[in-house]
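Chain by chain, the residues run as shown.
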Amino acid sequence: MLMQPYHLYTERLDAGRNMARFYALAIEQTLFGTPCLVRRWGRIGTGGQAKVHHFEREEDAVAMFLALLRVRRSRGYATKATGSMHGRR
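Just so it is clear, the model here is predicted, and its values are computed rather than measured.

Asker: Describe the pairing of strand β2 (residues 19–29), listing the residues and the values that go with them.
Answerer: With respect to burial, β2 is a largely interior element, eight of its 11 residues being buried. Judged from the nine bridges that link them, strand β1 (residues 6–14) and β2 form a sheet pairing that is antiparallel. Note that in β2 the partner of H7 across the bridge is A26. Hairpin remark: β1 followed by β2, antiparallel, with four residues in the connecting loop; positive phi at N18, about 55°. Where β2 lies against strand β3 (residues 35–43), nine bridges are found, and the strand directions are antiparallel.

Here it is as structure tokens:
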């Protein structure tokens, strides 16, 4: 069972480059009780793409979550207060 919820939605906007991207991360529990990290990314307003990583331990999922967050922030993504794992529609 997950000790605490992990959900993050970030965006990168650059009107000069016609860039409007989102990147969302969430750690969820599978039906078998193991943690998985769900990543979703794409252009804002679309469903985007998704990838799921399965782990045996929550700590490993959190480590990957934080590593991916550092990379996104270094590329100019900023955390947004609203959003979902499916982008904005």
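The rest of the description comes next.
Asker: Residues and numbers for the pattern of salt bridges, please.
Answerer: Under the definition given, this model contains one salt bridge. Across the pair R57 and D60 runs a salt bridge whose closest N-O atoms are separated by 3.1 Å. Take D60: its relative accessible area is 34%, and that puts it in the partly exposed class.

Asker: Mind laying out unusual backbone geometry, listing which residues take part and the relevant values?
Answerer: The general pattern is negative phi for most residues beyond glycine and trans for most peptide bonds. The phi torsion at N18 lies on the positive side, around 55°, for a residue other than glycine. On the secondary structure map, N18 appears in the loop between β1 and β2. Owing to a relative accessible area of 56%, N18 belongs among the exposed residues under this scheme.

Asker: Account for the environment of R39, with residues named and values stated.
Answerer: Counting through the fold element by element, R39 comes out in strand β3. Considered as a pair, R39 and A50 are 11 residues apart in the sequence and their alpha carbons are 5.5 Å apart. Among all residues touching R39, those that are not within four sequence positions of it are Y23, A24, L25, Q49, A50, K51, H53 and L68. A distance of 3.1 Å separates polar atoms of two side chains, one belonging to R39 and the other to H53.

Conventions used here
Residues numbered from 1 in each chain as written. Predicted model: local features only at pLDDT ≥ 70, side-chain atom pairs only at ≥ 80, totals over all residues. Heavy atoms only, no water. Buried < 20%, exposed > 50% of the residue type's maximum accessible area, 1.4 Å probe, protein only. Helix = DSSP H or I, 4+ residues; strand = E, 2+ residues; numbered from the N terminus. Pairing = 2+ DSSP bridges. Salt bridge = Lys/Arg side-chain N within 4 Å of Asp/Glu carboxyl O. Contact = heavy atoms within 4.5 Å. Polar contact = N/O pair within 3.5 Å; in protein donor to acceptor, adjacent residues only side chain to side chain.

Purely geometric numbers; function is a separate question.
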